[in-house]
Amino acid sequence: MEFFQQLQSATEAERQAFLCIPVIQQTMNGVVSLQTYRAFLGEAYHHVKHTVPLLMACGGRLPERLNWLRSAVADYISEEIGHEEWILNDIRATGADADAIRNGQPGMATELMVAYAYDTVTRNNPAGFFGMVFVLEGSSIALATRAAAIARDALGLPAQAFTYLTSHGSLDQAHMQFFETLMNRVDDAADRCAIIHAARVFYKLYGDIFRGLPAAEHARQAV
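In this report, the structure presented in the accompanying data block is examined. Quick caveat: nothing in here was measured; it's all calculated off a predicted structure.

Examined against the element boundaries, arginine 61 turns out to sit in helix H5 (residues 51-61). Given the relative accessible area of 44%, arginine 61 is considered partly exposed. Taking C-alpha positions, arginine 61 is 22 Å from glutamate 111, a pair spaced 50 residues apart along the chain. Discounting residues that sit within four places of it in the chain, arginine 61 has contacts with Val121, Thr122 and Pro126.

One pass over the full model with this rule turns up eight salt bridges. Notably, a salt bridge pairs arginine 15 with glutamate 12, separated by 3.8 Å at the nearest N-O pair. In this pair, arginine 15 and glutamate 12 are both assigned in helix H2 (residues 12-19), three residues apart and thus about one turn of the helix distant. Here lysine 204 makes a salt bridge to aspartate 208, at a shortest N to O gap of 2.7 Å. Of this pair, lysine 204 and aspartate 208 both sit in helix H12 (residues 189-211), four residues apart, which is roughly one turn of the helix. Of the residues examined, lysine 204 reaches a relative accessible area of 46% and is grouped as partly exposed. Through salt bridges with shared partners, a single network forms among Arg65, Asp188 and Asp191.

You can see threonine 122 is positioned in helix H9 (residues 108-122). Judged by its relative accessible area of 44%, threonine 122 is partly exposed.

The geometry of helix H10 (residues 129-155) relative to H12 is characterised by a closest axis approach of 7 Å and an angle of 45° between their N-to-C directions. Here H10 is positioned oblique relative to H12, judged by the angle of their axes. You can see that H10 and H12 cross each other, and the crossing is right-handed. From H10, Phe130, Gly131, Met132, Phe134, Val135, Leu136 and Ser139 reach across to H12, where they touch Ile195, Ala198, Ala199, Phe202, Tyr203 and Tyr206.

Side chains three or four residues apart in an α-helix point the same way, a direct result of the helix having 3.6 residues per turn. For H12, with 23 residues, the first-to-last C-alpha span of 33 Å sits near the 33 Å given by 1.5 Å per residue. You can read the cap of H12 off the contacts: a side-chain oxygen lies 3.0 Å from the backbone nitrogen of alanine 190, and it is on aspartate 188.

Take the packing of aromatic side chains next. Going through the model one piece at a time under the given rule, you end up with 14 aromatic pairs. Seen from their ring centres, phenylalanine 134 and tyrosine 203 are 6.4 Å apart, and the 85° between their planes marks the pair as edge-to-face. Residue phenylalanine 134 is located in helix H10, and its partner tyrosine 203 is located in helix H12; the two are separated by 69 residues in the primary sequence. By relative accessible area, tyrosine 203 is classed as buried at 4%. Members of the aromatic cluster, connected to one another through ring pairs, are Phe4, Phe18, Tyr37, Phe40, Phe134, Phe162, Phe179, Tyr203, Tyr206 and Phe210.

Conventions and cut-offs
Residues numbered from 1 in each chain as written. Predicted model: local features only at pLDDT ≥ 70, side-chain atom pairs only at ≥ 80, totals over all residues. Heavy atoms only, no water. Helix = DSSP H or I, 4+ residues; strand = E, 2+ residues; numbered from the N terminus. Buried < 20%, exposed > 50% of the residue type's maximum accessible area, 1.4 Å probe, protein only. Contact = heavy atoms within 4.5 Å. Salt bridge = Lys/Arg side-chain N within 4 Å of Asp/Glu carboxyl O. Axes fitted to C-alpha atoms, helices over the stretch in contact; angles between N-to-C directions. Parallel < 35°, antiparallel > 145°, perpendicular 65-115°, else oblique. Left-handed = near helix turned anticlockwise from the far one by under 90°. Expected span 1.5 Å × (residues − 1). Polar contact = N/O pair within 3.5 Å; in protein donor to acceptor, adjacent residues only side chain to side chain. Phe/Tyr/Trp six-rings, centres within 6.5 Å; stacked < 30°, edge-to-face > 60°.

Set out below in structure tokens:
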């Protein structure tokens, strides 16, 4: 079995637990509020803005045995630059104050996930960062495009309020194919263990961001 398949198999329980989070289930069933969507975008901004700095830190700390991954990291950086600005534009399109989000603080769950990502890169095995890539891009493929369509229908917002979700649904499909080829080249046992471990943790940490979003049944009253 190639490593990408091993990674999928080893994290399947965590993936299913993530997909069963109530706010995700509610959204996919058409129950979503403007407050919940704005809260999601705000937390997304506060972790997406760290993507490029994290990639830069990861590329600079990869050991010699993983030199071949540096060009892939450079490709990711070129793809990811500026995506946090897409989110701010979406926030503006919902009628919310994007500058307040930019200058505000993330929720604790987002702060902890970002902190763990930096800790993985700088203190542990930097290859573990690809566990985060696996979780975030895999979750995007599974949910983003469909969630955007459902939320747009439920909230009556313009298409300009969903550019982050709609772009990442299709973009991350191509990314994941590229990611699969990269992971199948990882042959060091310690690197593989680090990626699997980080993916399991990131499913929990990323899930906690969604668990902290306003519940739709309560948030509807505030829309």
